[in-house]
Amino acid sequence: MDISGRHEEDGEYLMVAAAVHATVGTTRVQSIRGVGFSVSHERPTLSAITELVADAVSDLPEPADGPVVAERGEFYEEPDWMVEQHFEPEFKYVESIAERETVQAAHHAAYAARKLLL
C-alpha cells in the first residue's frame, strides 16, 4: 500500500491510498490480483492514515490473503506492533524485493489517482 498527498495544498488535504493485492515471489511480483483505493480530506494523523489504508484494503475486489505491507514512513516510523492493531489481515513493513516492488506499484496507482482528482 502507499499514500499520495499527505501535504497541505491551498489550505486543504487530498490523500489517496492505493492497496495492491499481488502474488509475489522472493524477488518479483508474479501477478496483480486487484487494486483498492480510498480518499480522505483529513489532516494526516496516524489515526486518519490507518483509517484511510483500512478503507483502501477493504476496497480490494477480493480479500487479501497476506499482510498489509508498507514503507516505514507511511506510518511515521511507528513500530509495526502499533500499526498492526488497525489491520486485518496482519501488517508488516517491507522486507523483500518483491514487497518493495508491490509498494512501488501502489505508489504509482495512488499518485495517478490523486492527479486525476486534482
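Residues numbered from 1 in each chain as written. Predicted model: local features only at pLDDT ≥ 70, side-chain atom pairs only at ≥ 80, totals over all residues. Heavy atoms only, no water.

(A) Structural context of helix H3 (residues 97-117). For H3, built from 21 residues, the straight-helix expectation of 30 Å at 1.5 Å per residue is met to within 8% by its first-to-last C-alpha distance of 30 Å. Taken as a whole, H3 has its buried residues at Ala98, Glu99, Thr102, Val103, Ala106, Ala109, Ala110, Ala113 and Arg114. Around the axis of H3, the buried residues are gathered within 145° of arc, so they sit on the same side. Contacts made by the buried residues of H3 are with strand E1 (2-4), strand E2 (15-24), strand E3 (29-40), strand E4 (68-70) and strand E5 (91-93). (Helix = DSSP H or I, 4+ residues; strand = E, 2+ residues; numbered from the N terminus. Expected span 1.5 Å × (residues − 1). Buried < 20%, exposed > 50% of the residue type's maximum accessible area, 1.4 Å probe, protein only. Arc of directions from axis to C-beta. Contact = heavy atoms within 4.5 Å.)

(B) Representation of the layout of surface pockets within the structure. Reported here for the largest pocket is a volume of approximately 370 Å³. What lines the largest pocket is a set of 19 residues, among which Val20, Ala22, Gly66, Pro67 and Val69 lie closest to the centre. Among the elements of the structure, E2, E4 and H3 are those that each provide at least two residues to the lining of the largest pocket. Tallied by class, the residues present in the lining of the largest pocket amount to 11 nonpolar, 4 polar and 4 charged. (1 Å grid on protein atoms, 1.4 Å probe; cavity = no way out; pocket = protein on both sides within 12 Å on 5 of 7 lines; lining within 4 Å. Points joined across faces, edges and corners; volume = space filled by probe spheres on them. Nonpolar A, V, L, I, M, F, W, Y, C, P; charged D, E, K, R; others polar.)

(C) The packing of aromatic side chains, seen in detail. Applying the stated criterion across every chain, the model contains 4 aromatic pairs. Between phenylalanine 75 and phenylalanine 91 the ring centres are 5.3 Å apart and the planes differ by 85°, which places this aromatic pair in the edge-to-face class. A residue pair is termed long-range when its members are at least 10 positions apart, and phenylalanine 75 in the loop between E4 and helix H2 (80-83) and phenylalanine 91 in strand E5 qualify at 16 residues. Judged by relative accessible area, phenylalanine 75 falls into the buried class, the value being 0%. Ring centres of phenylalanine 91 and tyrosine 93 lie 5.0 Å apart, and the angle between their planes is 85°; on these two criteria the pair is classed as edge-to-face. (Phe/Tyr/Trp six-rings, centres within 6.5 Å; stacked < 30°, edge-to-face > 60°.)

(D) How the structure looks around the sheet that holds E3. Spatial ordering of the open sheet is given by E1-E2-E3, a layout of 3 strands whose pairing is antiparallel. Only two strands of the sheet have a single neighbouring strand rather than two, namely E1 and E3. In this sheet, adjacent strand axes meet at a mean angle of 20° when their direction is disregarded. Across 10 bridges, the pairing between E2 and E3 is antiparallel. By the bridge assignment for E3, valine 20 is matched with valine 35. Packing of helix H1 (residues 46-58) onto the sheet brings it into contact with E1, E2 and E3, and relative to E3 it is tilted by some 130°. Against the sheet, H3 contacts E1, E2 and E3, and its axis sits at roughly 145° relative to E2. (Pairing = 2+ DSSP bridges. Axes fitted to C-alpha atoms, helices over the stretch in contact; angles between N-to-C directions.)

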